[in-house]
Amino acid sequence: MTVSTEVRNRTAGGIGESPVRPDGTFKVTGQFAYSSDLWMDGMLWGATLRSPHPRARITSIDVGPALKLAGVSAVLTHDDVPGEKVYGLEIADQPVLAFDEVRYQGEPVVIVAADHPETARRAAALVVVDYEVVEPVTDPREAVGHPDWKPVHDEPGERTAMSRDRAPVHPHGNIVRHQRIRFGDPDAVTADVVVQGDYEVGMQDQAFLGPESGLAVPADDGGVDLYVATQWLHVDRRQMSGALALPEEKIRLTLAGVGGAFGAREDLSMQVHACMLALRTGRPVKMVYSREESFFGHVHRHPALMRYEHGADRDGRLVYVRAHILLDGGAYTSSTPAVVGNASTLGVGPYDVPNVGMDCWGVYTNNPPCGAMRGFGAVQAAFGYESQMDKLAAAVGLSPVEIRTLNAVSEGSILPTGQRIDSPAPVAELMHRLDAMPLPGSVDQDIRLLPGGVSNTTHGEGVRRGVGYAVGIKNVGFSEGFDDYSTARVRIELVGDEPSVLVHTAAVEVGQGLVTVQAQIARSELGVERVTVAAADTQVGSGGSTSASRQTYVTGGAVRAGCAAVRSSLFERAAARYGPGEFRLVAGKVESLVDGVVGDIASLLLDGPVEHTVQWRHRPTQPLDEATGRGNAHVQWAFCAHRAVVDVDVELGLIRVVELACVQDVGKAMNPDAVLGQIHGGSAQGLGLAVMEEVQVVDGKLRNPSFTDYLMPTIMDMPPMRVEVLELADPHSPYGLRGVGEPPTISSTPAIVAAVRAASGVDLKRVPIRPEHLVAAALCH
Amino acid sequence: MQLHVNGRLHELALDNRTTLLDALREHLGLTGSKKGCDHGQCGACTVLVDGRRINSCLALAVTLDGVEIRTIEGLSDDGALHPVQQAFLDRDGFQCGYCTPGQICSAVGMLDEFDQGWPSAVTTGGQPAALDAGEVRERMSGNLCRCGAYMNIVPAILDVADAAAGRSSA
Ligand code: FES
Ligand code: FES
């Protein structure tokens, strides 16, 4: 790793090291309690009846037959929702339980509690719901009857006799958000070289391995305790408080083990339902979604339709970008506004472009709701703009690396929002480093290593090698003026004779290693090796969401600030004991900057523990101007680049990713092992989007809600990776660090597609690539 | 019926439709084995039955009367981690950890299969002298990891194989 920052670090297990995860032993021995593992004597099991229709009016619900089933304790409908009937992250429009109308297949209608999960499911099936089916709006182009709308594709979606008068999905219309970016003079400007392209991204699923689950326990004070796997305890609680008509302090959430998240736990799933059942029955209620139900139980990645036009001079220098991006948000708002914000502001990629005209829409349809998934907005746009950069390279006779380095942003560049990049932006360096990495050997004739593998589909005759490059940009943290903060309580005390630190935040560990890094920060800041990170819960202030690659930055910043407050108090004690002076805490000792070691931290704690709770914010951001997209909307950017090497059987359309190389700037590798883990995992999910992963939705209905039919990368699909990590400090962030989790997901997809294009010669416009895209094109040749 | 799990005998009265996974999780309180799909698609529920790895979500408990079942909870020996567990820790072979009990049980079973000379679908020309990355990938391909910790799972397993064979994999 290239190290450009140096943080004093002499306490073992501090920042910059990769100590064993504190939860690691529990995870490898099966003792780590995930939300689906919870148990309480006398508990009931919840189940959910969901709409079979993408769109229908509910004419009646008869719960009678379900209530008659032995073992059933409660059957609840929208009439039983104690408070607000709708909830939502940004806009409350999603019914707790459907009333009047269902707007997507799988929308919850009735919930049941019974003494056995099978009984609960059978009872749910006995509920009689009468629906009046309405034709769904499933084409996002058709969903938008807005005067500003220009079709993304020349041919509008097929219109039926009904479509003209079709009722909007929501009374306020079908546009969730329309964000324009107007930079320079995008309408008038012309260029010598122009390339255009239409691109499409399919619907990806987060497919975390641990399904939605939790245990709600009614409390004596009329409130409820919920043990749940989520991404943001406090925002869950805020939404639950409205729906349950309980003050927030009567709803206590404790994080249970999280079996992956990737954005899918940002919205509520079973939280309110389990609490309603628990409060109604007075008994603990556990809910666990099956894998099939999980596909209906969380939002997906927005499918996108994009039209890009890039203009450049003859040397390949960008003159303008004009783009339309249409994101299908499905039936409810979820995170769509933020997804539109990211796609529009990052829509030209990490390139200097003097003129930008961009229109990005997020729309409602009767498709499954879409929201947060790793890298949202940036992932979709990157497939578009990186495909365009390769087209432009070919048009002006440059290599993929040359076109990108020529146009790369750097520190000081002005983005299309008018915001200046005020920290390192080593995009050209990422490309150069990728370029300098050795390539793997030529096509291997060992059939095990050919596309199709031991299916024995080829002996190499139709197999072509291809190499592709891509680079991406991602904002870190919550943008557009959001008050993004985290809270940390830090306590130091003697346990036995040893100083011991307890760090308590509500920030959610999902596997990324947040509990490890919180402890590392406390060790480095307080010079104490024995650090415990308390279970995340709502007994401490909000930690903000585990999303937007923000937790190490923001909760890390809060822990650092909490430690600084504790340290100040300890220094006061040190001054009282050793006389005035400047001190530091290292490896259990108190050092005077003048006299060296003057005593033990333990001796400062003889007067009792020290505890501070602090809220910490990153620097503020601004909203975007609706008409021009002007605004310092982002707090930080992260950059990552991939080179993909693929072998393609051009006769069968089979693809094997041979190698992925990746270079990412992380500012400061707080925990190098965890950084690599994020790069590996993010790259794998990008590979999935490139060549296999898609939730198939036909007429609003999900066709493949299972791991047999929704394909994601296995250990066989994941190729070896070469990874280089840069550490160019961001002067505005704690330790100079940059968010790590999302960037690798962004560039791996377009790099793989570029490699497949290079191997096959086919102008691929859609991800995931399917064999027929390659073969149909080959047949036309 | 009787279930022998991790060296202990349990008397159980089970609905005969109960899977081994549900018997372990709901009846014996052994929640280490995970349910990722309940359909044999993900491997999170992998346990060892008479030393052989199976998806416990696909086995009916009543068919396993009297056989020896080992789960993730039964791998460590008096607090000492099994070498595969230790290797997953050392190599950071997981993130969320939900797939991990299944990965580890599967690896334990797989290493034994290899020792017994079982070929895999990628084995060519007879039994290879040593496991390599390609063999490990093929033999572990039934265990999904959505966090994408594959890059560390392969060396973790190779560490154990190499240590058993008296080699160092550096
Ligand atoms: S739970 Fe058994 S294979 Fe997925
Ligand atoms: S570690 Fe999360 S699924 Fe493997």
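Residues numbered from 1 in each chain as written. Chains lettered and ligands numbered in written order. Predicted model: local features only at pLDDT ≥ 70, side-chain atom pairs only at ≥ 80, totals over all residues.

K.L.:
How would you summarise the overall build of chain A if you had to cite specific residues and measurements?
P.N.:
What chain A contains, in helices and strands, is 17 helices and 34 strands. Taken over the C-alpha trace, chain A has a radius of gyration of 27 Å; the compact-globule value for 781 residues is 28 Å, and the two agree within 12%. In terms of its C-alpha atoms, chain A occupies a principal-axis envelope of roughly 85 × 70 × 55 Å. When the 781 residues of chain A are sorted by exposure, 59% land in the buried category. Within chain A, residue pairs in contact and separated by at least 24 positions form 80% of the contacts whose partners lie at least 6 positions apart. (Helix = DSSP H or I, 4+ residues; strand = E, 2+ residues; numbered from the N terminus. Rg over C-alpha atoms; globule rule 2.2 N^0.38 Å. Buried ≥ 20, exposed ≤ 12 C-beta atoms within 10 Å, placed from the backbone. Contact = placed C-beta atoms within 7 Å.)

K.L.:
Break down the overall build of chain B for me, with residues and values.
P.N.:
Tallying secondary structure elements over chain B gives 5 helices and 5 strands in all. For chain B, the α and β elements follow one another from N to C terminus as β-β-α-β-β-β-α-α-α-α. At 16 Å, chain B has a C-alpha radius of gyration in line with the 15 Å of a compact globule built from 170 residues. The principal-axis extents of the C-alpha atoms in chain B amount to approximately 50 × 35 × 30 Å. Residue burial in chain B is summarised as follows: out of 170 residues, 54% are buried. A separation threshold of at least 6 residues defines the contact pool for chain B, and within that pool the share at least 24 residues apart is 60%.

K.L.:
Quick one: what's the story with the interface of chain B and chain A, residue by residue and with numbers?
P.N.:
Contact residues are listed per partner, giving 44 residues for chain B and 42 residues for chain A. Elements with a contribution of two residues or more to the side of chain B that touches chain A: α2 (83-90), α3 (100-115), α4 (133-139) and α5 (150-164) of chain B. A breakdown of the residues in the side of chain B that touches chain A according to their chemical character gives 22 nonpolar, 15 polar and 7 charged. (Nonpolar A, V, L, I, M, F, W, Y, C, P; charged D, E, K, R; others polar.)

K.L.:
Tell me about the domain arrangement of chain B, residues and numbers included.
P.N.:
All names here are of chain B. Taken as a whole, chain B is organised into domain 1 (2-74) and domain 2 (83-164). Distance from the C-alpha centre of domain 1 to the C-alpha centre of domain 2: 21 Å. Counting residues at the interface gives 15 residues for domain 1 and 14 residues for domain 2. Of all the elements in the fold, those that place two or more residues in the side of domain 1 that touches domain 2 are β3 (46-49) and β4 (52-55). Among the elements that make up the side of domain 1 that touches domain 2, the one with the highest residue count is β3 (3 residues). For the side of domain 1 that touches domain 2, the residue count by class is 6 nonpolar, 6 polar and 3 charged. (Domains from an automatic or database assignment.)

K.L.:
Explain helix α12 (residues 514-526) of chain A to me, using residue names and the numbers behind them.
P.N.:
Residue and element names in this part refer to chain A. With 13 residues, α12 extends 18 Å between its outermost C-alpha atoms, agreeing within 8% with the 18 Å of an ideal straight helix rising 1.5 Å per residue. Judged by how many residues are buried, α12 sits mostly within the fold: 13 of 13 residues are covered. Of the residues one or two after α12, G527 is the one with positive phi, at around 65°. (Expected span 1.5 Å × (residues − 1).)

K.L.:
Mind laying out helix α11 (residues 427-436) of chain A, listing which residues take part and the relevant values?
P.N.:
Inspection of α11 of chain A places V427, E429, L430, M431 and L434 of chain A among the buried residues, and these make up the whole buried set. For α11 of chain A, the elements touching its buried residues are α10 (400-407), β21 (463-476), β29 (636-649) and β30 (654-665) of chain A.

K.L.:
Any chance you could break down the packing of α2 of chain B against α5 of chain B for me, citing the residues and the numbers?
P.N.:
Residue and element names in this part refer to chain B. Contact pair α2 / α5: the axes reach a minimum separation of 8 Å and the direction vectors enclose 135°. When the axes of α2 and α5 are compared, the pair comes out oblique. At the point where α2 passes α5, the crossing takes the right-handed sense. Of the residues in α5, those touching α2 at P83, V84, A87 and F88 are A156, I157, D159, V160 and A163. Counted by class, the contact of α2 with α5 contains 8 nonpolar, no polar and 1 charged residues. (Axes fitted to C-alpha atoms, helices over the stretch in contact; angles between N-to-C directions. Parallel < 35°, antiparallel > 145°, perpendicular 65-115°, else oblique. Left-handed = near helix turned anticlockwise from the far one by under 90°.)

K.L.:
Just give me the short version of unusual backbone geometry, but keep the residues and values in it.
P.N.:
The omega torsion across V767 of chain A and P768 of chain A is -5°, close enough to zero to call that bond cis. You can see P768 of chain A is positioned in the loop between β34 (766-767) and α17 (771-780). A positive phi is found at N6 of chain B, a non-glycine position, where the angle reads about 50°. On the secondary structure map, N6 of chain B appears in the loop between β1 (2-5) and β2 (8-11). Here the phi dihedral of D78 of chain B falls at roughly 50°; this positive angle occurs in a residue that is not glycine. Relative to the helices and strands, D78 of chain B resides in the loop between β5 (68-70) and α2.

K.L.:
Outline the sheet that holds strand β25 (residues 583-586) of chain A, supporting the account with residue identities and numerical values.
P.N.:
Residue and element names in this part refer to chain A. Spatially, 3 strands are ordered β25-β26-β27 in an open sheet, and the strand pairing comes out antiparallel. Strands at the two margins of the open sheet, each flanked by one partner only, are β25 and β27 (596-600). In this sheet, neighbouring strand axes are inclined to one another by 35° on average, regardless of whether the strands run parallel or antiparallel. For strand β26 (residues 589-592) and β27, the ladder comprises 4 bridges, and the chain directions are antiparallel. Counted as the bridge partner of K589 is D600 from β27. Against the sheet, helix α13 (residues 551-578) makes contact with β25, β26 and β27, and its axis sits at roughly 115° relative to β25, the strand it touches most. (Pairing = 2+ DSSP bridges.)

K.L.:
Please set out the pairing of strand β18 (residues 318-328) of chain A residue by residue, giving values where relevant.
P.N.:
All names here are of chain A. With 10 of 11 residues buried, β18 is to be regarded as a mostly interior element. Here 9 bridges tie strand β17 (residues 304-312) to β18, and the two strands are oriented antiparallel to one another. Looking at β18, one finds that E309 is bridged to R322. Here β17 folds back onto β18, and the loop between the two strands holds 5 residues, one of which, G316, carries a positive phi near 100°.

K.L.:
Lay out the sheet that holds strand β3 (residues 56-62) of chain A in plain terms, naming residues and giving numbers.
P.N.:
Taken in spatial order, the 3 strands of this open sheet run β7-β3-β9 (chain A), and their pairing is antiparallel. The strands lining the two open edges of the sheet, one partner per strand, are β7 (101-102) and β9 (128-133) of chain A.

K.L.:
I'd love a proper account of the nonpolar core, names of residues and values included.
P.N.:
In this structure, V110, V112, C275, V646 and I752 of chain A are the most contacted members of the largest nonpolar core, which totals 293 residues. When residues no more than four places from it in sequence are discounted, the contact partners of V112 of chain A are G46, A47, A66, V72, A74, V75, A120, A123 and A124 of chain A. (Core = buried A, V, L, I, M, F, W, Y, C linked by C-beta atoms within 7 Å.)

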